[in-house]
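# Observations on the three-dimensional arrangement
Here is how the chains run, residue by residue.
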Amino acid sequence: MSTSKQRIGIVGARGHTGAELIRLVAAHPALELAFVSSRELDGQRVADQVEGFVGELRYVSLDPAAVAAQGADVVVLALPNGKAAPYVEAIDKAKPETLIVDLSADYRFDERWYYGLPELTRERWRGEKRISNPGCYATAVQLSIAPLKDLLAAPPVSFGVSGYSGAGTTPSDRNDPEKLRDNLMPYSLTGHMHEKEASRHLGVPVEFMPHVAPHFRGLTVTTNLYLVRPIKREDVIARFHGAYEGEKLVRVLDEAPWVSQIAHQHHVEIGGFAVSADGKRVVVVATLDNLLKGAATQAMQNINRALGVDEYTAIPRP
Ligand SMILES: NC(=O)C1=CN([C@@H]2O[C@H](COP(=O)(O)OP(=O)(O)OC[C@H]3O[C@@H](n4cnc5c(N)ncnc54)[C@H](OP(=O)(O)O)[C@@H]3O)[C@@H](O)[C@H]2O)C=CC1
Ligand SMILES: CC(=O)N[C@@H](CCC(=O)OP(=O)(O)O)C(=O)O
């Protein structure tokens with residue numbers, strides 16, 4: 001990497017994940033913000049919208065051709081699902097060597113894109129400049145199952161509860177604080193995108209049941225795993241420690257983690273490890289901040305690796 005800063009643009013910068021990325025980039029020694037795009041906030045100062053941001057940068061409203069014309073070195077797409085393609089096509093034409101990181105689900109099943117869940121897929125990166133960032137629940141589900149994958153007797157079942165920032169800013173029941181008050185809202189109980197995503201990238205079928213809760217950020221996933229042979233609790237814990245040894249953004253705990261402890265944290269916590277009396281059923285609990293390890297922090301890990309700088313540059317450690 002050259003010593004000059006790389007210019008990065010964020011499309012969908014008004015959103016929850018876009019705002020987190022702005023904060024991470026602002027603290028990054030090798031990146032400078034080239035543009036932040038939002039239709040609704042066009043012309044407004046970023047410092048007035050993103051707490052902690054200092055400077056005169058303003059949002060601009062850029063269509064795909066205008067994004068490509070900026071000639072940024074890195075473009076992050078933080079758009080709702082189904083909106084990325086015109087931006088990718090325009091950049092492919094104008095400056096194909098641009099690093100594109102897409103936060104949506106649009107390329108998670110596309111073989112031409114690297115699926116960037118570093119703790120599980122780091123070795124599979126072959127220099128691709130097209131990186132698909134995993135889903136928030138899918139990250140927690142995969143990290144909870146991977147160390148026991150070879151022992152599964154049946155598809156693991158994951159029960160997920162997310163804060164409502166997971167549902168983005170487009171108004172819906174799932175981000176309506178009134179409808180969520182004193183409530184737990186089940187949705188997409190079979191066939192959720194992250195069920196397909198986790199199954200595809202783990203290489204084993206996974207069943208997933210998501211819910212939204214009244215808190216804003218942070219998710220918890222409780223996974224039930226039936227095993228082909230009995231296992232002792234200490235051996236389960238040893239497998240998780242072995243799998244994530246040296247991982248700076250994974251904390252393996254004895255106790256089941258609480259979602260209230262993970263908001264604004266950049267890592268994932270995995271613990272609980274309850275084992276049934278016959279040793280053939282294990283329950284694992286994982287928590288992460290859906291906007292950070294579930295989105296912006298993971299994107300930053302992927303960007304750092306692609307730029308050739310330390311993977312954890314600008315990411316606060318637990
Ligand atoms: N929230 C989360 O926990 C996670 C989200 N993701 C994924 O990241 C992406 C962004 O999520 P999130 O930040 O929550 O989303 P938000 O709904 O909060 O933000 C969406 C952004 O996209 C812009 N936008 C909306 N529609 C369009 C459009 N048709 N064309 C151009 N821009 C548009 C909006 O700005 P404006 O309207 O001003 O242009 C806004 O900046 C999504 O794909 C989501 O699935 C992934 C992991 C976790
Ligand atoms: C609470 C809530 O609605 N959460 C979102 C997941 C957020 C996420 O990771 O989204 P993508 O896979 O779309 O990128 C959902 O279930 O669709």
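Residue positions are counted from 1 within each chain, in the order its sequence is given. Chains and ligands are labelled sequentially in the order written, the chains with letters from A and the ligands with numbers from 1. Local features in this predicted model are restricted to residues whose pLDDT is 70 or higher, and side-chain atom pairs enter the listing and the counts only when it is 80 or higher, whereas totals over whole chains, interfaces and linings include all residues. Based on all heavy atoms of the structure, the side-chain values leave hydrogens and waters out of the count.

## Examining the overall build of the chain
- On a plain count of helices and strands, the chain comes out with nine helices and 13 strands.
- If one aligns the C-alpha atoms of the chain with their principal axes, the spans along those axes are about 60 × 45 × 30 Å.
- Split into buried and exposed, the 318 residues of the chain put 53% on the buried side.
- Sequence-distant contacts in the chain: of pairs separated by 6 or more residues, those separated by 24 or more amount to 69%.
- Reported accessibility uses the Shrake-Rupley method at a 1.4 Å probe radius. Residues are deemed covered only where the shown protein chains occlude them. Only carbon and sulfur atoms are counted for the fraction: they give 51% of the accessible area of the chain, which is about 13800 Å².
- Here the chain holds 35 positive side-chain charges and 38 negative ones, and the gap between their average locations is 2 Å. Where helices and strands are cited, they refer to DSSP runs of H or I of at least four residues and of E of at least two residues respectively, numbered from the N terminus. For each residue, the accessible area found with a 1.4 Å probe, counting protein chains only, is set against the maximum for its type, and the residue is called buried under 20%, exposed over 50%, and partly exposed in between. It only takes one pair of heavy atoms within 4.5 Å for two residues to be counted as in contact. Charge counting treats Lys and Arg as positive and Asp and Glu as negative, with His and both chain ends excluded. The atom standing in for a charge is NZ when the residue is Lys, CZ when it is Arg, CG when it is Asp and CD when it is Glu.

## Things to note about the site of ligand 1
- Taken together, 27 residues lie around ligand 1, and Arg14, Thr17, Ser38, Leu79 and Asn290 are the ones closest in.
- The term polar contact refers here to a pair of N or O atoms within 3.5 Å; inside protein, the definition further demands a hydrogen-donor-capable atom paired with an acceptor-capable atom, and it admits residues adjacent in sequence only when both atoms are side-chain atoms. At a separation of 2.9 Å, an oxygen atom of ligand 1 approaches a polar backbone atom of Glu40.
- Surface burial for ligand 1 is 88%, taken as the share of its 890 Å² of free accessible area covered by protein chains.
- Of the two site types, the cavity is a set of points on a 1 Å grid over the protein atoms alone where a 1.4 Å probe fits but cannot get out, and the pocket is an open set with protein on both sides within 12 Å along at least five of seven lines, each lined by residues with an atom within 4 Å of a point. Whether a molecule lies in a cavity or pocket depends on its atoms, and more than half of them have to be within 2 Å of the grid points. Of the pockets mapped on this structure, ligand 1 occupies the largest pocket.
- Where the shell around ligand 1 is concerned, the elements lending two or more residues are helix H1 (16–26) and helix H9 (292–307).
- Residue type decides the class: Asp, Glu, Lys and Arg count as charged, Ala, Val, Leu, Ile, Met, Phe, Trp, Tyr, Cys and Pro as nonpolar, and the leftover types, Gly among them, as polar. When grouped by side-chain class, the residues that make up the shell around ligand 1 number nine nonpolar, 14 polar and four charged.
- Mapped onto the domain boundaries, the shell around ligand 1 takes at least three residues apiece from domain 1 (6–133 + 294–307) and domain 2 (136–289). The cutoff for a nearby residue is simple: one of its non-hydrogen atoms must lie within 4 Å of the molecule or strand. As annotated, the domain borders come from an automatic or database domain assignment.

## Describing the packing of helix H5 (residues 136–145) against helix H7 (residues 193–202)
- With axes taken as lines fitted to C-alpha atoms, and helix axes fitted only over the stretch in contact, angles between N-to-C directions fall between 0 and 180 degrees. Here H5 crosses H7 at 40°, and the two axes come no closer than 9 Å. The orientation of H5 with respect to H7, classified from their angle, is oblique. Every pair of crossing elements has a handedness; the one defined by H5 and H7 is right-handed. Where H5 approaches H7, its residues Cys136, Tyr137, Ala138, Val141, Gln142 and Ile145 are matched on the opposing element by His194, Glu197, Ala198, His201 and Leu202.
- In terms of residue class, the contact of H5 with H7 is made up of seven nonpolar, three polar and one charged. An angle below 35 degrees is read as roughly parallel, one above 145 as roughly antiparallel, one from 65 to 115 as roughly perpendicular, and any other as oblique. Helix crossings are classified by the rotation of the near helix relative to the far one: an anticlockwise turn of less than a right angle makes the crossing left-handed, while a clockwise turn makes it right-handed.

## Points about empty space enclosed by the protein
- Grid points are joined across faces, edges and corners, and a volume is the space filled by probe spheres set on the points. According to the stated counting rule, one finds one cavity of 30 Å³ or more in the structure shown.
- Lining the largest cavity are Val67, Ala68, Gly71, Ala72, Val75, Ile91, Ala94, Lys95 and Thr98.
- Where the lining of the largest cavity is concerned, the elements lending two or more residues are helix H2 (64–69) and helix H3 (85–94).
- Here the lining of the largest cavity is built from residues that sort into six nonpolar, two polar and one charged.

## Considering the domain arrangement of the chain
- By domain assignment, the chain separates into domain 1 (6–133 + 294–307) and domain 2 (136–289).
- Computed from C-alpha coordinates alone, the two centres of domain 1 and domain 2 are separated by 26 Å.
- Taken together, the contact between domain 1 and domain 2 spans 18 residues of the former and 24 residues of the latter.
- Surface buried jointly by domain 1 and domain 2 totals about 1900 Å² across both partners, of which 55% is contributed by carbon and sulfur atoms.
- By salt bridge we mean one thing: a side-chain nitrogen of Lys or Arg within 4 Å of a carboxyl oxygen of Asp or Glu. Across the domain 1-domain 2 interface, the total number found is four salt bridges. Buried area: the sum, over both parts, of the accessible surface (1.4 Å probe) that disappears when the two are put together.

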